[in-house]
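Chain residues, written in single-letter form:
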Amino acid sequence: MIPHIPGDEFVIERKVRTRLLPVFPAERPPEIRRSDFEEVSIGYDETTAPLEAARCIHCPDPAPCIQACPFHNDIPTALWLIEQGDFLRAAQVFRQTSFLSEICGRVCPPQTCRGSCTLSAYGKPIHITKLEAFVADFQRRYGALEIHRAPPTGRRAAVVGSGPAGLTVAEFLARQGHSVTVFEAMPRPGGLLRYGIPAFKLPRAVVDQKIADLERLGVRFVTGVRIGRDLTLDDLFAQGYQAVFLGIGAWRPVEPDWEGANLDGVYMALDFLMRANVPPEDLPPEGREPLRVGRRVAIIGGGDTAMDCARTALRLGAEEVTIYYRRSEAEMPGNREERKKAREEGVRFEFLVAPVRFIGEGGRLTAIEFIRMTLGEPDESGRRRPVPIPGSEFTVPVDAAVLALGFRGDPIIARTTKGLEVSRAGLIRVDEEGRTSRPGVFAAGDGVTGPDLVATASAAAMRTARVMHAYLMEQPPVETLETSPLAEPVLA
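Starting from 1, residues in each chain are numbered consecutively following that chain's sequence as written. For a predicted model such as this one, the threshold for reporting local features is a pLDDT of at least 70, and the threshold for listing and counting side-chain atom pairs is 80 or more; totals across whole chains, interfaces and linings nevertheless cover every residue. Heavy atoms from the whole structure form the basis of all side-chain values; hydrogens and water molecules are not counted.

Undergrad: Which residues make up the environment of Pro 476, and what values do they have?
TA: Checked against the element boundaries, Pro 476 lands in the loop between helix 19 (454-473) and strand 20 (488-491). Only protein chains enter the area calculation, which uses a 1.4 Å probe; residues under 20% of their type maximum are buried, those over 50% are exposed, and those in between are partly exposed. Residue classification places Pro 476 among the exposed positions, given a relative accessible area of 54%. With sequence-adjacent residues up to four places away left out, Pro 476 is seen in contact with Arg 155 and Gln 242. Secondary structure counts use DSSP, requiring at least four H or I residues in a row for a helix and at least two E residues in a row for a strand, with both numbered from the N terminus. Should any heavy atoms of two residues lie within 4.5 Å, those residues are considered in contact.

Next up, the structure:
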């Protein structure tokens, strides 16, 4: 463990540091980036990263950034090392607590570590996540990433789902020497990271590197197999797996009951993002039909998924993309910076409007009828309830619409597994350590909490993985594997 740095021998001039100006991470210009799916963020380099890290005032313990991070990364130590130009050790500090450093560095929203930075009071919090992404990429670029594994234990574990939670559990258990097989319903591993996050935010190469890390650790990926349909949990135990982790996410869309919502040209958000961002050969056969967005696209919803869909529609060639949201911007969920990027790229916003019906000709969408809203008393979410204004209906011609209305849990595993308790929303019930009601079955991530952050899912999965490891070590070995030297490095 790297000790907290700096120590008593260092003097931090905190007042001086509060006056330093931010060094913003570089980004591709909106007029260029909106025409392709290349990564928007350029980020930091060896010159700019130390300047931004040098603004850290090294708050007395417990630092608020550490408390806000789902992994509780030792951010002050990492920033001190970046300030000194010791990028490799800084990367290792992040990786001591997170297996998804280069991923979370790209997709974590500012309300986590950066949002809690003490310098927020001065209007200039440190860009912690972009610094994490920089050092993680630097470490990998210079071949200094080593992953250590223990000798084989002879215990076997199955992981269902290869999103953030599943990959975290698979890596942790493989590092402990267990034999791990990951079952993924889609044609390629990666789950949400590959299929739900646009490539301009998280390049596919970054996800592929993570998968390759696990394969070098001995993790086996079985794709195109949906647990609950092709195999049951009972089948997995019958095949000799002694523990099963469910990292199934929350992929099931909230479906509307608006008239005409089944017209051609009306897409659900996840289907739209997958078909736009993922090569056809990486999609299920039924999801390979090309998208037809036309000139005018309407996005219904207000969260980060809606922003992703709007920015994707622009990259597909749409000339006018408008997000329609039933409340005001003040009540909008999601990341303010994502809305800023969408506006920079040309996305328009219409607030206090809601769809009434979708209108089509020959089975294809041609227009949407909306009604204007006003805000009433707060609802159960704490936000003011949108109330329709009678007689305010209006119609907008559109060529395509994307419905980004939220996601729910998938009930198929619960329906095919006796004794597995789920909530009314289809989410898996677990105790504080990730144990389900079924012995030997564990769960974490969006399939437990509902849609949340990548970091939140991975951090919860890390805690559950430790409990799974202890559970597995109480089971007798079921297979004989070749032994390997303790802590043998696997170069990534």
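Undergrad: Report on the side chain of Arg 364, specifying residues and quantitative values.
TA: By secondary structure assignment, the location of Arg 364 is in strand 14 (residues 364-378). Counted charges follow a simple rule, with Lys and Arg positive, Asp and Glu negative, and His plus the chain ends left uncounted. Definition used for salt bridges: Asp or Glu carboxyl oxygen within 4 Å of a side-chain nitrogen of Lys or Arg. Among buried Asp, Glu, Lys and Arg side chains, Arg 364 stands out as unpaired, with Asp 264 the closest opposite charge at 5.1 Å.

Undergrad: Hey, could you go over the sheet that holds strand 12 (residues 348-351) for me, with residue numbers and the actual values?
TA: Neighbouring strands of a sheet are bound in pairs by backbone hydrogen bonds; such pairs are parallel or else antiparallel. Any two strands with at least two DSSP bridges between them are considered paired. Taken in spatial order, the five strands make up an open sheet running 9-17-10-11-12, and their pairing is parallel. The outermost strands of the open sheet, each flanked by one partner alone, are strand 9 (266-268) and strand 12. Averaged over all neighbouring strand pairs, the angle between strand axes comes to 20°, with direction disregarded. As judged from the four bridges shared by strand 10 (residues 296-300) and strand 17 (residues 400-403), these two strands associate in the parallel manner. Bridge pairing in strand 17 places Val 297 opposite Ala 400. Lying on the sheet, helix 14 (residues 269-277) is in contact with strand 9 and strand 17; it crosses strand 9 at an angle near 90°. Axes, fitted as lines to C-alpha atoms, cover a helix only where it is in contact. Angles between the N-to-C directions of the axes lie from 0 to 180 degrees.

Undergrad: Before we move on, could you go through the packing of helix 15 (residues 304-315) against helix 16 (residues 336-345) and cite the residues and values that matter?
TA: The geometry of helix 15 relative to helix 16 is characterised by a closest axis approach of 10 Å and an angle of 20° between their N-to-C directions. Relative to helix 16, the element helix 15 is oriented roughly parallel. The handedness of the crossing between helix 15 and helix 16 comes out as left-handed. Touching Asp 304, Met 307, Asp 308, Arg 311, Leu 314 and Arg 315 of helix 15 are Glu 338, Arg 339, Lys 341, Ala 342 and Glu 345, all from helix 16. Following the grouping adopted for this structure description, the nonpolar residues are Ala, Val, Leu, Ile, Met, Phe, Trp, Tyr, Cys and Pro, the charged ones are Asp, Glu, Lys and Arg, and the polar ones are all others, Gly among them. Its residues assigned to classes, the contact of helix 15 with helix 16 shows three nonpolar, no polar and eight charged. Working definition: roughly parallel below 35 degrees, roughly antiparallel above 145 degrees, roughly perpendicular at 65 to 115 degrees, and oblique for all remaining angles. Handedness of a helix crossing follows the sense of rotation of the near helix relative to the far helix, less than a right angle counterclockwise being left-handed and clockwise being right-handed.

Undergrad: Explain the packing of aromatic side chains to me, using residue names and the numbers behind them.
TA: Two rings belonging to Phe, Tyr or Trp (six-membered ring only in the last case) form a pair when the distance between their centres is within 6.5 Å. Interplanar angles under 30 degrees mark stacking, angles over 60 mark edge-to-face geometry, and anything in between is tilted. The tally for this structure, following the rule as stated, stands at 13 aromatic pairs. When the centroid spacing of 5.1 Å and the interplanar angle of 70° are considered together, the rings of Phe 87 and Phe 138 count as edge-to-face. Taken as a pair, Phe 87 in helix 6 (residues 87-95) and Phe 138 in helix 9 (residues 128-141) lie far apart in primary sequence, 51 residues in all. The two residues Phe 87 and Phe 138 agree in class, both being buried. On the numbers, 4.2 Å between centres and 25° between planes, the contact of Tyr 324 with Phe 370 is stacked. Of this pair, Tyr 324 sits in strand 11 (residues 320-325) while Phe 370 sits in strand 14, placing them 46 residues apart in sequence.

Undergrad: So what's going on with the sheet that holds strand 5 (residues 179-184)? Residues and values would help.
TA: In spatial order, the strands read 6-5-4-7-19; together these five strands make up an open sheet with parallel pairing. In this open sheet, the two strands that pair with only one neighbour each are strand 6 (220-223) and strand 19 (441-443). The average angle at which neighbouring strand axes cross in this sheet is 20°, direction not considered. Of the strands in this sheet, strand 4 (156-160), strand 7 (243-246) and strand 19 touch helix 19, which is tilted by about 170° from strand 7.

Undergrad: Tell me what's going on with the packing of helix 10 (residues 164-175) against helix 19, and back it up with residues and numbers.
TA: Where helix 10 contacts helix 19, the axes come no closer than 8 Å and their chain directions differ by 35°. The hand of the helix 10/helix 19 crossing is right-handed. Residue-level inspection shows Pro 164, Ala 165, Thr 168, Val 169, Phe 172 and Leu 173 of helix 10 in contact with helix 19, the latter providing Val 454, Ala 457, Ser 458, Ala 461, Met 462, Ala 465, Arg 466, Met 468, His 469 and Leu 472. When its residues are assigned to classes, the contact of helix 10 with helix 19 shows twelve nonpolar, three polar and one charged.

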